[in-house]
Amino acid sequence: TRKYLVTGSASGIGLATASRLREEGHTVIGVDIAGAEINADLSTAEGRAELVAQATALSDGVLDGVIAVAGLVAPKPVTVAVNYFGAVATLEGLRPLLAASTAPRAAVVASLAALEDVDDRLLQLLEAGDEAAALAHADALGATANAAGSSVLYTTSKLAVARWVRRAAPTAPWAGDGIALNAIAPGVIETPMTKAALETEEGRKALDEGAPAPFNGPAAPPTAPAALLDWLTSADNAYVTGQVVFIDGGAEAIRRPELV
Ligand code: NAD
């Protein structure tokens, strides 16, 4: 059995992932703002430091898998702080614990929404790693939405984290240490995040028009991404790294069929 750390473990995709891994007999250290083994606010530097300190103690310095799921969609700077800086801090901060494993694997949850329009200036600031400037710009953007009606804070944070994975995965600290690093990009998943929209006919129609999912759509239960995260972070994943795997009922294939 393996030792995993899963952020966002108190709800939705993170909860389904932690539950699946535990049912398989693995040890899981859950992380969330409350109600987890490690309670830490990943929007802050203190919370991220607390995560690394407690994870190091609870894992005896070795983790086989790290899965960064925590995130939110609110059109506020905190979304950028958690979805991008919190996720990168989780993966970078715990990389030394992964390096001590014989089959280390990491994954992060991006989104199908990363394919929608983003804010270019915010993307630049995220790629430069300038959190103070990024949060100030995010504050100025406020509730700015793109043509699809999505918060650009959300779409930009998800594109940035997916690109970070593709840049980091093949480099020495990751691939060189035998650590697989991938992202998944879910379409619509039935969790508290999408509950309100999925409850109304109008909301379901808007989600389905935005991202039609002909295979088993219009939405999937959180057990679907949990199964994919399980495999990507298992020892069975011997050669997949730097990928953004869309789990969306076919939405991405419809959107850009020319891309292979
Ligand atoms: P959710 O709201 O059920 O779960 C998110 C979890 O993240 C919660 O437990 C929450 O407490 C935690 N979290 C939020 N802010 C935090 C912070 N500052 N510190 C620590 N933990 C924090 O939502 P979900 O649908 O399970 O979302 C999980 C991930 O999947 C998110 O990154 C989300 O963007 C992504 N995603 C979801 C969907 C979907 O349709 N549900 C689609 C694409 C991507």
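Quick note: structure is the one above.
Let us look at the structure shown here. (Residues numbered from 1 in each chain as written. Predicted model: local features only at pLDDT ≥ 70, side-chain atom pairs only at ≥ 80, totals over all residues. Heavy atoms only, no water.)

1. Some remarks on the site of the ligand
Turning to step 1, where the next piece is worked out: Neighbouring the ligand are 27 residues; Ser11, Ile13, Asp32, Tyr154 and Thr191 lie closest to it.
Turning to step 2, where the next piece is worked out: The separation between an oxygen atom of the ligand and a polar side-chain atom of aspartate 32 is 2.5 Å.
Turning to step 3, where the next piece is worked out: Taking valine 69, its main chain carries an N or O atom lying 2.9 Å from an oxygen atom of the ligand.
Turning to step 4, where the next piece is worked out: Within the complex, 90% of the 830 Å² of free accessible area of the ligand lies under protein.
Turning to step 5, where the next piece is worked out: Grouping the constituent residues of the shell around the ligand by class yields 15 nonpolar, nine polar and three charged. (Near = heavy atom within 4 Å. Polar contact = N/O pair within 3.5 Å; in protein donor to acceptor, adjacent residues only side chain to side chain. Areas by Shrake-Rupley, 256 points an atom, 1.4 Å probe, with all protein chains shown as cover. Nonpolar A, V, L, I, M, F, W, Y, C, P; charged D, E, K, R; others polar.)

2. Considerations on the pattern of salt bridges
Should the charged atoms of two oppositely charged side chains come close, the side chains can pair.
Turning to step 1, where the next piece is worked out: Counted under the stated rule, the structure contains eleven salt bridges.
Turning to step 2, where the next piece is worked out: Across the pair glutamate 24 and arginine 20 runs a salt bridge, and its minimum N-O distance is 3.4 Å.
Turning to step 3, where the next piece is worked out: Judged by its relative accessible area of 38%, glutamate 24 falls in the partly exposed class.
Turning to step 4, where the next piece is worked out: For arginine 256, the salt bridge is made with glutamate 252, and the minimal N-O distance between the two is 2.7 Å.
Turning to step 5, where the next piece is worked out: Through salt bridges with shared partners, a single ionic network connects Arg20, Glu24 and Asp230. (Salt bridge = Lys/Arg side-chain N within 4 Å of Asp/Glu carboxyl O. Buried < 20%, exposed > 50% of the residue type's maximum accessible area, 1.4 Å probe, protein only.)

3. Here we look at the nonpolar core
Grouped burial of nonpolar side chains is what soluble globular proteins tend to show.
Turning to step 1, where the next piece is worked out: Membership of the largest hydrophobic core comes to 45 residues, with the highest contact counts inside it found for Leu5, Leu91, Trp164, Trp174 and Leu181.
Turning to step 2, where the next piece is worked out: Residues contacting leucine 91, with those up to four places away along its chain left out, are Val66, Ala68, Ala106, Ala107, Val108, Trp164, Trp174 and Leu181.
Turning to step 3, where the next piece is worked out: The next biggest cluster of nonpolar side chains, apart from the first, holds 16 residues, and it includes Leu21, Val69, Val109 and Ile189. (Core = buried A, V, L, I, M, F, W, Y, C linked by side-chain atoms within 4.5 Å. Contact = heavy atoms within 4.5 Å.)

4. A closer look at helix H1 (residues 12–23)
Turning to step 1, where the next piece is worked out: If you check H1, its first and last C-alpha atoms are 16 Å apart, about what twelve residues at 1.5 Å a residue would give, namely 16 Å.
Turning to step 2, where the next piece is worked out: Elements that come into contact with the buried residues of H1 comprise strand E1 (3–7), strand E2 (27–32), strand E4 (65–68), strand E6 (180–186) and helix H9 (223–232).
Turning to step 3, where the next piece is worked out: Phi for glycine 25, located one or two positions after H1, is positive at around 100 degrees. (Helix = DSSP H or I, 4+ residues; strand = E, 2+ residues; numbered from the N terminus. Expected span 1.5 Å × (residues − 1).)

5. A look at the packing of aromatic side chains
Each pair of aromatic rings is reported with the distance of its centres and the angle of its planes.
Turning to step 1, where the next piece is worked out: Following the criterion strictly, the structure yields two aromatic pairs and no others.
Turning to step 2, where the next piece is worked out: Judged by centre distance (4.9 Å) and plane angle (85 degrees), the rings of tyrosine 84 and phenylalanine 85 are edge-to-face.
Turning to step 3, where the next piece is worked out: Accessibility expressed as a relative area gives 4% for tyrosine 84, which makes it buried.
Turning to step 4, where the next piece is worked out: For the ring pair tryptophan 164 and tryptophan 174, a centre distance of 6.1 Å and an interplane angle of 90 degrees mean the geometry is edge-to-face. A residue pair is termed long-range when its members are at least 10 positions apart, and tryptophan 164 in helix H6 (residues 152–168) and tryptophan 174 in the loop between H6 and E6 qualify at ten residues.
Turning to step 5, where the next piece is worked out: Classification of tryptophan 164 as buried rests on a relative accessible area of 8%. (Phe/Tyr/Trp six-rings, centres within 6.5 Å; stacked < 30°, edge-to-face > 60°.)

6. Some points on the layout of surface pockets
Turning to step 1, where the next piece is worked out: The volume enclosed by the second largest pocket comes to roughly 300 Å³.
Turning to step 2, where the next piece is worked out: As for the second largest pocket, its lining consists of 15 residues, of which Arg166, Val244, Phe246, Arg256 and Leu259 are closest to the centre.
Turning to step 3, where the next piece is worked out: Elements represented by at least two residues in the lining of the second largest pocket include exactly H6 and strand E7 (244–247).
Turning to step 4, where the next piece is worked out: Broken down by element, the lining of the second largest pocket gets its largest block of residues, four residues, from H6.
Turning to step 5, where the next piece is worked out: Taken together, the residues of the lining of the second largest pocket break down into nine nonpolar, two polar and four charged. (1 Å grid on protein atoms, 1.4 Å probe; cavity = no way out; pocket = protein on both sides within 12 Å on 5 of 7 lines; lining within 4 Å. Points joined across faces, edges and corners; volume = space filled by probe spheres on them.)

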